[in-house]
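# Residue-level structural notes
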Amino acid sequence: MPCYVKHTKNGNTFLSGKLGPHCADCSWVSGYLCDYPVGKGKTCDRPLCEDHANEIAPDIHYCTAHYREWEEFRSSGGVEKELKNVIPFVKK
Ligand SMILES: [Zn+2]
Ligand SMILES: [Zn+2]
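Let us look at the structure shown here. (Residues numbered from 1 in each chain as written. Chains lettered and ligands numbered in written order. Predicted model: local features only at pLDDT ≥ 70, side-chain atom pairs only at ≥ 80, totals over all residues. Heavy atoms only, no water.)

### Overview of the coordination of the zinc ion (ligand 2)
For the record, the criterion: In this listing, donors mean N, O and S atoms no farther than 2.8 Å from the metal, or 3.2 Å for Na, K and Ca; water is missing from the atoms, so a site can look incomplete. In short, tetrahedral needs four donors with all angles between 85 and 135 degrees, square planar needs four and octahedral six donors with opposite donors over 155 degrees apart and all other angles between 65 and 115, and whatever is left is irregular. Counting from the N terminus, the helices are the DSSP runs of H or I reaching at least four residues and the strands are the DSSP runs of E reaching at least two. Buried means the residue's accessible area, taken with a 1.4 Å probe over protein chains only, is under 20% of the maximum for its type, while exposed means over 50%, and partly exposed covers the values in between.
Every protein donor of the zinc ion (ligand 2) is listed here as Cys34 (SG), Cys44 (SG), Cys63 (SG) and His66 (ND1), and their distances to the metal cover 2.0 to 2.4 Å. Taken together, the 4 donor atoms coordinating the zinc ion (ligand 2) and their angles of 99 to 127° define a geometry best described as tetrahedral. Counting residues between consecutive donors of the zinc ion (ligand 2) along the chain gives the motif C-x9-C-x18-C-x2-H. One end of the pair, Cys44, is in the loop between strand 5 (42–43) and strand 6 (47–48); the other, Cys63, is in the loop between strand 8 (60–62) and helix 1 (64–75), and 19 residues separate them in sequence. Under the relative-accessibility criterion, Cys63 is labelled buried at 2%.

### Regarding the coordination of the zinc ion (ligand 1)
Summarising the metal site, the zinc ion (ligand 1) is bound by the protein donors Cys23 (SG), Cys26 (SG), Cys49 (SG) and His52 (ND1), whose distances to it range over 1.9 to 2.3 Å. Angles of 104 to 117° at the metal separate the 4 donor atoms of the zinc ion (ligand 1), which places the site in the tetrahedral class. Mapped onto the sequence, the residues coordinating the zinc ion (ligand 1) show the spacing C-x2-C-x22-C-x2-H.

### Topic: the nonpolar core
The criterion, for reference: Within this scheme, the nonpolar core is defined by two criteria: the residues are buried Ala, Val, Leu, Ile, Met, Phe, Trp, Tyr or Cys, and they are joined through side-chain atoms within 4.5 Å. Throughout, a contact is declared for two residues whenever any of their heavy atoms are within 4.5 Å.
Counting residues in hydrophobic clusters, the biggest one holds 8 residues: Cys34, Tyr36, Leu48, Ala53, Tyr62, Cys63, Trp70 and Phe73. What Cys34 contacts, discounting residues up to four positions off in sequence, is Thr43, Cys44, Asp45, Arg46, Leu48, His61, Tyr62, Cys63 and His66.

### Here's the deal with the side chain of His61
Inspection of the secondary structure assignment puts His61 in strand 8. For His61, a relative accessible area of 7% corresponds to the buried category. When neighbours within four sequence positions are excluded, His61 is seen to be in contact with Tyr32, Leu33, Cys34, Asp35, Tyr36, Ala53, Asn54 and Glu55.

### Observations regarding the pairing of strand 2 (residues 11–16)
Rules: Two strands are said to pair when DSSP picks up at least two bridges between them.
As defined by bridge partners, strand 1 (residues 3–8) adjoins strand 2 across 6 bridges and the pair is classed as antiparallel. Within the sheet, the bridge partner assigned to Thr8 lies in strand 2 and is Gly11. Between the end of strand 1 and the start of strand 2, which pair antiparallel, lie 2 residues.

### Here's the deal with helix 1
Here is the rule we go by: How far a helix is expected to stretch is found by multiplying one less than its residue total by 1.5 Å. The directions considered for the arc run from the helix axis to the C-beta atoms.
In this model, helix 1 (12 residues) spans 16 Å end to end at C-alpha, consistent with the 16 Å of a helix rising 1.5 Å per residue. Buried residues of helix 1: His66, Trp70 and Phe73, and no others. Buried residues in helix 1, looked at end-on, bunch into an arc of 60°, giving them a common side. The exposed set on the far side of helix 1, more than 90 degrees from its buried face, consists of Arg68, Glu72 and Ser75. Positive phi appears at Gly77, one or two residues downstream of helix 1, with a value of about 85°.

### Some remarks on the environment of Asp45
Tracing the backbone through its elements, the reader meets Asp45 in the loop between strand 5 and strand 6. Looking at Asp45, the relative accessible area reads 40%, which means it is partly exposed. Note: C-alpha distance between Asp45 and Asp35 (10 residues apart in sequence) is 6.2 Å. In this view, Asp45 contacts Leu33 and Cys34; residues no more than four positions away in its chain are not counted.

Below is the structure:
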């Protein structure tokens, strides 16, 4: 039986059972997958728990590393370019 561990300020919470993959950043149950586009219609798909999934839009979650990239992309004016180009991350 897989065992899931969540560290909280009050101690650790344990869960066991067939609850799917663990979060890639901790040992908790992953309720989300990273939706960051990595090309060819694929997404990062890193399993994430509710603490490590960064929601950037309704139902769109990014892992911590990709969330940082997204933040940089957005703060460099990337969103505007993205909307004009339709397909993001094609031109380097
Ligand atoms: Zn986690
Ligand atoms: Zn990711």
